[in-house]
Amino acid sequence: VEMNRTQFSGQPRKHKVNEKFFKVWSDEMAWILGLIVTDGCVNKSTHTISISQKNSDLLNKIAKCMDTDYKLIKPSRTRSVYTLAIHSKVIKDDLKKLGINPNKSSTVGFPLVPDEYLPAFVRGVVDGDGWIQRTAYVMNVTSASQSFAEGLLSVFKKWNLRSEITLQTTKKGTTIYRIWVKGKDDIPKLAKIIYNNCDENCIAYKRELMIQRLSKE
């Protein structure tokens, strides 16, 4: 575990976190990178990276993977989600090298993820911004970035899945991209890829929805 020697003004760091986490590819790193791309926020003015979720269990799994003792910020009157906020200039810089910048939602590209870690990365993306129909015939991921949407589409195409992008314009005039995988055979095929060797690093109900047809084969 790497520790920052100083936080500011020479004060010792109060919390621990593995600052090497985003320096070396692993399934855990790729999964959490997918979550940060979709559900995370990199603060522009401070060295803070935060991920918010209704599911506190997921954030606790992230904290465990990153070997950090930062505590979750609980929901409040003005915030309906749990948040894990980590302060680290090293991690912020490493995310920048991977293409994750502050205020990224409409401009983020698809990171250069090694092929062997793409399944874990896409699992993180699905956990972050994925929607799965209850019957598991249809799944989509929502993004405000055309570049990211096209990158994800190309991965689904490479995996020989029936996929497409649709566009929607919000009331504010923002374009939203939905990347779809459709078909009673294609969703189980995707599930086999992204949940292979995955024991707990995922949102359980999404996994259950996507693998339900595998048990019926």
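**Remarks on the side chain of Asp94**
Mapped onto the elements, Asp94 comes out in helix H3 (residues 89-97). Using a relative accessible area of 5% as the deciding quantity, one classes Asp94 as buried. Looking at Asp94, its side chain comes within polar contact range of the side chain of Lys23, at 3.2 Å. Other than its neighbours up to four places away in sequence, Asp94 contacts Glu19, Phe22 and Lys23.

**As for the pairing of strand E7 (residues 175-182)**
Along any regular strand, the residues point their side chains to alternate faces of the sheet. Bridging between strand E5 (residues 138-143) and E7 involves six bridges; their strand directions are antiparallel. Across the sheet, the residue bridging to Asn140 is Trp180, located in E7. The pairing of strand E6 (residues 163-169) with E7 spans seven bridges and is antiparallel. By the bridge assignment, Thr169 is partnered in E7 with Thr175. From the end of E6 to the start of E7, which pair antiparallel, there are five residues, and Gly173 there has a positive phi angle of about 90°.

**Overview of the environment of Trp131**
Along the chain, the position of Trp131 falls in strand E4 (residues 130-132). Residue classification places Trp131 among the partly exposed residues on the basis of a relative accessible area of 44%. Separated by 75 residues in sequence, Trp131 and Lys206 have C-alpha atoms that sit 8.1 Å apart. The contacts of Trp131, once residues within four sequence positions are left out, are Val138, Met139, Asn140 and Trp180.

**Quick look at a negative patch on the surface**
A cluster of acidic residues, Asp27, Glu28, Glu116, Asp199 and Glu200, forms a negative patch at the surface. Within the fold, Glu116 resides in the loop between H3 and helix H4 (118-129).

**Notes on the nonpolar core**
Ranked by size, the top nonpolar core spans 62 residues in total, and within it Phe22, Phe121 and Phe156 carry the most contacts. At eight residues, the largest contribution of residues to this core is made by helix H1 (residues 27-39). Ignoring any residue separated from it by four or fewer positions in sequence, one finds Phe156 in contact with Val122, Met139, Leu161, Ser163, Ile179, Val181 and Leu190.

**With respect to the packing of H1 against helix H2 (residues 56-65)**
Taken N-terminus to C-terminus, the directions of H1 and H2 make an angle of 135°; their axes are 11 Å apart at the nearest point. On the basis of the axis angle, H1 is oblique to H2. In terms of crossing hand, the pair formed by H1 and H2 is left-handed. For the pair H1 and H2, contact is made by Glu28, Trp31, Ile32 and Leu35 and by Leu58, Lys61, Ile62 and Cys65, respectively. Residue composition of the contact of H1 with H2, grouped by class: six nonpolar, no polar and two charged.

**Considerations on the side chain of Gln53**
Following the sequence through the fold, Gln53 ends up in strand E2 (residues 48-53). Take Gln53: its relative accessible area is 9%, and that puts it in the buried class. Setting aside its immediate chain neighbours within four residues, Gln53 contacts Leu35, Asp39, Leu58, Leu59, Val81, Tyr82, Asp127, Gly128 and Ile203.

**Brief notes about the confidence of the model for the protein chain**
On average, the protein chain scores 88 in pLDDT, and the residues at 70 or more come to 91%. With pLDDT under 50 throughout, residues 1-12 is counted as low confidence; its partners more than four residues away or in other chains account for 19 contacts.

**Structural notes on the packing of H4 against helix H5 (residues 146-158)**
Running from amino to carboxyl end, H4 crosses H5 at an angle of 130°, the nearest separation of the two axes being 12 Å. By the angle between their directions, the pair H4 and H5 is classed as oblique. The element H4 and its partner H5 pack so that their crossing is left-handed. Note on element contacts: H5 touches H4 through Phe148, Leu152, Val155, Phe156 and Lys158, opposite Leu118, Phe121, Val122 and Val125.

The rules we used
Residues numbered from 1 in each chain as written. Predicted model: local features only at pLDDT ≥ 70, side-chain atom pairs only at ≥ 80, totals over all residues. Heavy atoms only, no water. Helix = DSSP H or I, 4+ residues; strand = E, 2+ residues; numbered from the N terminus. Buried < 20%, exposed > 50% of the residue type's maximum accessible area, 1.4 Å probe, protein only. Polar contact = N/O pair within 3.5 Å; in protein donor to acceptor, adjacent residues only side chain to side chain. Contact = heavy atoms within 4.5 Å. Pairing = 2+ DSSP bridges. Patch = residues over 30% accessible without salt bridge, like charges linked within 9 Å, V, L, I, M, F, W, Y side chains within 5 Å. Areas by Shrake-Rupley, 256 points an atom, 1.4 Å probe, with all protein chains shown as cover. Salt bridge = Lys/Arg side-chain N within 4 Å of Asp/Glu carboxyl O. Lys, Arg positive; Asp, Glu negative; His and termini not counted. Charge placed at Lys NZ, Arg CZ, Asp CG, Glu CD. Core = buried A, V, L, I, M, F, W, Y, C linked by side-chain atoms within 4.5 Å. Axes fitted to C-alpha atoms, helices over the stretch in contact; angles between N-to-C directions. Parallel < 35°, antiparallel > 145°, perpendicular 65-115°, else oblique. Left-handed = near helix turned anticlockwise from the far one by under 90°. Nonpolar A, V, L, I, M, F, W, Y, C, P; charged D, E, K, R; others polar. pLDDT = per-residue confidence, 0-100.

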